[in-house]
Amino acid sequence: MGLVILTGIVLSSSDVGEFDKRLVLLTKESGRATAFAKGARRPNNPLVAACSPFCFGTFEAFEGRSSYHISKANISNFFRDLAMDYDRVCLGSYFLEVADFLSVEGVDERNRLALLYQSLKALESGKFSHRLLKNIYDLKTWVIDGEYPNVFSCMCCGKKESLTTFSLKRHGMICKSCAKNEPGTDISGSTLYTMQFIVSSTIEKLYTFVLNSETEEELTRILDAYRLNYRSHKYKSEEFL
(Lines give C-alpha, C1' and ligand atoms only; values in the text may rest on other atoms or scores of the structure.)
Protein backbone atom coordinates (compact mmCIF):
# COMPACT_ATOMS: atom_id res chain seq x y z
CA MET A 1 0.00 0.00 0.00
CA GLY A 2 1.36 3.43 -0.97
CA LEU A 3 0.95 6.66 0.97
CA VAL A 4 -1.16 9.30 -0.80
CA ILE A 5 -2.41 12.79 0.04
CA LEU A 6 -6.12 13.39 -0.50
CA THR A 7 -7.63 16.89 -0.50
CA GLY A 8 -11.34 16.95 0.09
CA ILE A 9 -14.47 17.16 2.21
CA VAL A 10 -15.99 14.55 4.52
CA LEU A 11 -19.41 13.74 3.05
CA SER A 12 -20.48 11.22 5.67
CA SER A 13 -19.15 9.37 8.68
CA SER A 14 -20.28 6.13 10.31
CA ASP A 15 -19.09 3.89 13.12
CA VAL A 16 -17.30 0.65 12.32
CA GLY A 17 -16.35 -1.95 14.89
CA GLU A 18 -15.60 -0.79 18.42
CA PHE A 19 -13.43 2.28 17.82
CA ASP A 20 -13.10 2.90 14.05
CA LYS A 21 -14.79 5.27 11.62
CA ARG A 22 -15.77 4.81 7.97
CA LEU A 23 -15.71 8.02 5.95
CA VAL A 24 -16.92 8.93 2.50
CA LEU A 25 -14.79 11.73 1.06
CA LEU A 26 -15.15 13.88 -2.03
CA THR A 27 -11.56 14.41 -3.12
CA LYS A 28 -9.65 16.34 -5.74
CA GLU A 29 -7.39 13.39 -6.53
CA SER A 30 -9.74 10.38 -6.57
CA GLY A 31 -13.31 11.65 -6.78
CA ARG A 32 -15.57 9.90 -4.30
CA ALA A 33 -13.47 7.80 -1.92
CA THR A 34 -14.15 5.46 1.00
CA ALA A 35 -11.67 5.73 3.85
CA PHE A 36 -11.26 4.15 7.29
CA ALA A 37 -9.87 5.92 10.34
CA LYS A 38 -8.60 3.34 12.83
CA GLY A 39 -9.28 4.21 16.47
CA ALA A 40 -10.96 7.53 15.55
CA ARG A 41 -13.63 7.07 18.21
CA ARG A 42 -11.14 6.90 21.07
CA PRO A 43 -11.29 10.20 23.04
CA ASN A 44 -7.62 11.13 22.60
CA ASN A 45 -7.19 9.98 19.03
CA PRO A 46 -5.87 12.82 16.81
CA LEU A 47 -8.35 11.89 14.06
CA VAL A 48 -11.47 12.48 16.21
CA ALA A 49 -12.13 16.03 15.00
CA ALA A 50 -11.35 15.23 11.36
CA CYS A 51 -13.98 12.52 11.03
CA SER A 52 -17.08 14.72 11.02
CA PRO A 53 -19.14 15.75 7.98
CA PHE A 54 -18.25 19.16 6.47
CA CYS A 55 -14.56 18.91 7.45
CA PHE A 56 -12.34 20.11 4.61
CA GLY A 57 -8.60 19.55 4.46
CA THR A 58 -5.88 17.10 3.50
CA PHE A 59 -5.80 13.47 4.52
CA GLU A 60 -2.70 11.31 4.52
CA ALA A 61 -3.79 7.79 3.72
CA PHE A 62 -2.55 4.41 2.65
CA GLU A 63 -4.25 3.18 -0.50
CA GLY A 64 -5.80 -0.26 -0.29
CA ARG A 65 -7.51 -2.35 -2.93
CA SER A 66 -10.92 -0.66 -2.65
CA SER A 67 -10.52 1.93 0.11
CA TYR A 68 -8.06 4.17 1.95
CA HIS A 69 -6.77 3.98 5.52
CA ILE A 70 -6.21 7.43 7.02
CA SER A 71 -3.09 7.94 9.11
CA LYS A 72 -3.14 11.72 9.51
CA ALA A 73 -5.40 14.68 8.75
CA ASN A 74 -4.90 18.43 8.50
CA ILE A 75 -8.29 20.17 8.55
CA SER A 76 -8.28 23.74 7.24
CA ASN A 77 -12.03 24.38 7.60
CA PHE A 78 -14.39 22.65 10.01
CA PHE A 79 -17.40 24.81 9.04
CA ARG A 80 -18.19 25.04 12.74
CA ASP A 81 -20.63 27.93 12.28
CA LEU A 82 -22.93 25.64 10.30
CA ALA A 83 -23.36 23.39 13.33
CA MET A 84 -24.67 26.32 15.38
CA ASP A 85 -27.79 26.77 13.22
CA TYR A 86 -30.33 24.02 12.52
CA ASP A 87 -31.49 25.42 9.16
CA ARG A 88 -27.89 25.77 7.94
CA VAL A 89 -27.10 22.21 9.00
CA CYS A 90 -30.13 20.94 7.06
CA LEU A 91 -29.20 22.76 3.84
CA GLY A 92 -25.52 21.90 4.24
CA SER A 93 -26.46 18.25 4.71
CA TYR A 94 -28.45 18.44 1.48
CA PHE A 95 -25.37 19.74 -0.34
CA LEU A 96 -23.33 16.83 1.03
CA GLU A 97 -25.97 14.23 0.19
CA VAL A 98 -26.31 15.42 -3.42
CA ALA A 99 -22.52 15.34 -3.86
CA ASP A 100 -22.37 11.88 -2.29
CA PHE A 101 -25.09 10.48 -4.55
CA LEU A 102 -23.79 11.94 -7.82
CA SER A 103 -20.02 11.66 -7.41
CA VAL A 104 -18.11 8.68 -8.77
CA GLU A 105 -14.98 6.89 -7.54
CA GLY A 106 -11.85 7.37 -9.59
CA VAL A 107 -13.35 10.18 -11.69
CA ASP A 108 -12.26 13.82 -11.87
CA GLU A 109 -14.67 15.52 -9.47
CA ARG A 110 -12.76 18.78 -8.96
CA ASN A 111 -15.65 20.91 -10.20
CA ARG A 112 -18.10 19.16 -7.88
CA LEU A 113 -15.70 19.58 -4.96
CA ALA A 114 -15.21 23.27 -5.76
CA LEU A 115 -18.97 23.80 -6.01
CA LEU A 116 -19.58 22.04 -2.71
CA TYR A 117 -16.87 24.03 -0.92
CA GLN A 118 -18.01 27.41 -2.30
CA SER A 119 -21.64 26.57 -1.49
CA LEU A 120 -20.79 25.73 2.12
CA LYS A 121 -18.79 28.96 2.39
CA ALA A 122 -21.74 30.96 1.06
CA LEU A 123 -24.12 29.17 3.43
CA GLU A 124 -21.84 29.86 6.39
CA SER A 125 -21.59 33.57 5.48
CA GLY A 126 -25.29 34.19 6.11
CA LYS A 127 -25.44 36.66 3.19
CA PHE A 128 -27.83 34.67 1.01
CA SER A 129 -31.32 33.25 1.35
CA HIS A 130 -31.33 29.49 1.67
CA ARG A 131 -33.74 29.24 -1.23
CA LEU A 132 -31.31 31.07 -3.53
CA LEU A 133 -28.38 28.95 -2.34
CA LYS A 134 -30.26 25.73 -3.10
CA ASN A 135 -31.28 26.97 -6.54
CA ILE A 136 -27.73 27.96 -7.46
CA TYR A 137 -26.30 24.69 -6.14
CA ASP A 138 -28.86 22.54 -7.95
CA LEU A 139 -28.59 24.28 -11.32
CA LYS A 140 -24.77 24.28 -11.26
CA THR A 141 -24.82 20.61 -10.27
CA TRP A 142 -26.92 19.88 -13.34
CA VAL A 143 -24.36 21.80 -15.42
CA ILE A 144 -21.55 19.61 -14.04
CA ASP A 145 -23.58 16.50 -14.88
CA GLY A 146 -24.55 17.79 -18.34
CA GLU A 147 -28.29 17.70 -17.57
CA TYR A 148 -29.12 21.39 -17.41
CA PRO A 149 -31.78 23.22 -19.45
CA ASN A 150 -30.79 25.28 -22.48
CA VAL A 151 -31.27 28.93 -21.51
CA PHE A 152 -29.36 30.58 -24.36
CA SER A 153 -31.36 29.75 -27.49
CA CYS A 154 -34.81 28.66 -28.60
CA MET A 155 -35.26 24.90 -28.43
CA CYS A 156 -37.54 25.03 -31.50
CA CYS A 157 -35.81 27.33 -33.98
CA GLY A 158 -32.44 28.09 -32.41
CA LYS A 159 -33.04 31.84 -32.20
CA LYS A 160 -31.10 33.60 -29.42
CA GLU A 161 -33.29 36.68 -29.13
CA SER A 162 -36.75 37.23 -27.60
CA LEU A 163 -36.56 34.19 -25.31
CA THR A 164 -39.77 34.52 -23.30
CA THR A 165 -40.98 31.05 -22.36
CA PHE A 166 -39.54 28.10 -20.44
CA SER A 167 -40.62 24.70 -21.73
CA LEU A 168 -40.27 21.57 -19.61
CA LYS A 169 -41.19 19.48 -22.63
CA ARG A 170 -38.42 21.05 -24.74
CA HIS A 171 -35.87 21.08 -21.93
CA GLY A 172 -35.23 24.82 -22.13
CA MET A 173 -36.22 28.21 -23.53
CA ILE A 174 -38.54 29.04 -26.42
CA CYS A 175 -38.66 32.34 -28.30
CA LYS A 176 -41.73 34.55 -28.51
CA SER A 177 -42.64 33.39 -32.01
CA CYS A 178 -42.42 29.66 -31.30
CA ALA A 179 -44.22 30.06 -27.97
CA LYS A 180 -47.46 30.65 -29.87
CA ASN A 181 -47.55 26.95 -30.73
CA GLU A 182 -45.72 25.48 -27.75
CA PRO A 183 -46.94 25.22 -24.14
CA GLY A 184 -44.65 26.69 -21.51
CA THR A 185 -44.20 29.11 -18.65
CA ASP A 186 -43.58 32.81 -19.20
CA ILE A 187 -40.30 33.91 -17.69
CA SER A 188 -39.04 37.40 -16.88
CA GLY A 189 -35.82 38.78 -18.29
CA SER A 190 -34.23 38.99 -14.84
CA THR A 191 -34.94 35.32 -14.10
CA LEU A 192 -33.61 34.26 -17.48
CA TYR A 193 -30.46 36.32 -16.97
CA THR A 194 -29.99 34.75 -13.53
CA MET A 195 -30.17 31.25 -15.00
CA GLN A 196 -27.77 32.20 -17.79
CA PHE A 197 -25.32 33.61 -15.24
CA ILE A 198 -25.43 30.49 -13.07
CA VAL A 199 -24.91 28.19 -16.06
CA SER A 200 -22.03 30.17 -17.59
CA SER A 201 -20.28 31.57 -14.51
CA THR A 202 -17.14 30.11 -12.99
CA ILE A 203 -17.77 28.38 -9.69
CA GLU A 204 -15.68 30.98 -7.85
CA LYS A 205 -17.99 33.80 -9.00
CA LEU A 206 -21.30 31.99 -8.48
CA TYR A 207 -22.18 33.47 -5.11
CA THR A 208 -21.78 37.14 -5.93
CA PHE A 209 -25.41 38.27 -6.24
CA VAL A 210 -28.76 38.33 -4.50
CA LEU A 211 -32.25 38.58 -6.00
CA ASN A 212 -35.41 40.45 -5.14
CA SER A 213 -38.19 38.25 -3.77
CA GLU A 214 -40.19 38.23 -7.03
CA THR A 215 -37.29 36.99 -9.16
CA GLU A 216 -36.25 34.49 -6.50
CA GLU A 217 -39.77 33.06 -6.35
CA GLU A 218 -39.98 32.74 -10.14
CA LEU A 219 -36.56 31.08 -10.32
CA THR A 220 -37.64 28.64 -7.61
CA ARG A 221 -40.84 27.72 -9.46
CA ILE A 222 -38.97 27.10 -12.71
CA LEU A 223 -36.23 24.98 -11.12
CA ASP A 224 -38.63 23.05 -8.86
CA ALA A 225 -40.70 22.07 -11.90
CA TYR A 226 -37.57 21.09 -13.82
CA ARG A 227 -36.31 19.05 -10.88
CA LEU A 228 -39.59 17.13 -10.60
CA ASN A 229 -39.53 16.28 -14.32
CA TYR A 230 -35.87 15.36 -14.78
CA ARG A 231 -34.39 14.45 -11.38
CA SER A 232 -36.32 11.52 -9.95
CA HIS A 233 -34.11 10.75 -6.93
CA LYS A 234 -35.48 11.86 -3.55
CA TYR A 235 -32.90 12.98 -1.00
CA LYS A 236 -33.48 12.25 2.67
CA SER A 237 -32.22 15.67 3.72
CA GLU A 238 -34.94 17.38 1.65
CA GLU A 239 -37.49 16.26 4.24
CA PHE A 240 -35.89 18.66 6.74
CA LEU A 241 -35.55 21.66 4.43
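Shown above is the structure to which this text applies.
Residues numbered from 1 in each chain as written. Predicted model: local features only at pLDDT ≥ 70, side-chain atom pairs only at ≥ 80, totals over all residues. Heavy atoms only, no water.

1. As for the environment of Leu163
So, point 1. Inspection of the secondary structure assignment puts Leu163 in strand E6 (residues 163-167).
So, point 2. As for Leu163 and Asp186, which are separated by 23 residues in sequence, their C-alpha atoms are 9.4 Å apart.
So, point 3. Those residues in contact with Leu163, other than ones at most four positions away along the chain, are Val151, Phe152, Ser153, Cys154, Met173, Ile174, Cys175 and Leu192. (Helix = DSSP H or I, 4+ residues; strand = E, 2+ residues; numbered from the N terminus. Contact = heavy atoms within 4.5 Å.)

2. A closer look at the side chain of Gln196
So, point 1. Note that Gln196 resides in helix H4 (residues 189-200).
So, point 2. Setting aside chain neighbours within four positions, we find Gln196 in contact with Val151 and Phe152.

3. Some details on helix H3 (residues 130-145)
So, point 1. The end-to-end C-alpha distance of H3, which contains 16 residues, comes to 22 Å, matching closely the 22 Å that a straight helix rising 1.5 Å per residue would cover.
So, point 2. Of all 16 residues making up H3, 12 are buried, and the element is well covered by its neighbours.
So, point 3. Here the buried face of H3 lies against helix H1 (86-102), helix H2 (110-125), H4 and helix H5 (213-230).
So, point 4. Looking at the residues trailing H3, positive phi occurs at Gly146, about 70°. (Expected span 1.5 Å × (residues − 1). Buried < 20%, exposed > 50% of the residue type's maximum accessible area, 1.4 Å probe, protein only.)

4. Quick notes on the sheet that holds strand E5 (residues 68-77)
So, point 1. Strand order in the closed barrel made by the 5 strands is E1-E2-E3-E5-E4, with mixed pairing throughout. Between one strand axis and the next, the sheet turns by 50° as a mean value, whatever way the strands run.
So, point 2. By the bridge criterion, 8 bridges tie strand E1 (residues 3-16) to strand E2 (residues 20-27) in an arrangement that is antiparallel. The residue of E2 that forms the bridge with Gly8 is Thr27.
So, point 3. Contacts from H2 reach E1, E2, strand E4 (56-63) and E5 within the one sheet, and its direction differs from that of E1 by about 60°. (Pairing = 2+ DSSP bridges. Axes fitted to C-alpha atoms, helices over the stretch in contact; angles between N-to-C directions.)

5. Re the sheet that holds strand E8 (residues 185-186)
So, point 1. An order of E7-E6-E8 is seen for the 3 strands of this open sheet, with the pairing classed as antiparallel. Each end of this open sheet is capped by a strand with a single partner; those strands are strand E7 (172-175) and E8.
So, point 2. Of the pairings in the sheet, the one linking E6 to E8 comprises 2 bridges and is antiparallel in character. Its bridge partner being in E8, Phe166 is matched across the sheet by Thr185.

6. Some remarks on unusual backbone geometry
So, point 1. Backbone geometry at Phe79 places phi at a positive 50°, although glycine is not the residue there.
So, point 2. As for its position among the elements, Phe79 is in the loop between E5 and H1.
So, point 3. Taking relative accessible area as the criterion, Phe79 reaches 1% and is therefore assigned buried.
So, point 4. Notably, His171 is not glycine yet its phi reads approximately 70°, a positive angle.
So, point 5. Tracing the sequence through the fold places His171 in the loop between E6 and E7.
So, point 6. Classification of His171 as partly exposed rests on a relative accessible area of 26%.

7. Observations regarding H1
So, point 1. In this model, H1 (17 residues) spans 25 Å end to end at C-alpha, consistent with the 24 Å of a helix rising 1.5 Å per residue.
So, point 2. Taken residue by residue, H1 has Cys90, Leu91, Gly92, Tyr94, Phe95, Leu96, Val98, Ala99, Asp100 and Leu102 as its buried positions.
So, point 3. Those residues of H1 that are buried lie in contact with E1, E2, strand E3 (31-37), H2, H3 and H5.
So, point 4. For H1, the capping residue at the N-terminal end is Asp85, with a side-chain oxygen 3.0 Å from the backbone nitrogen of Asp87. (Polar contact = N/O pair within 3.5 Å; in protein donor to acceptor, adjacent residues only side chain to side chain.)

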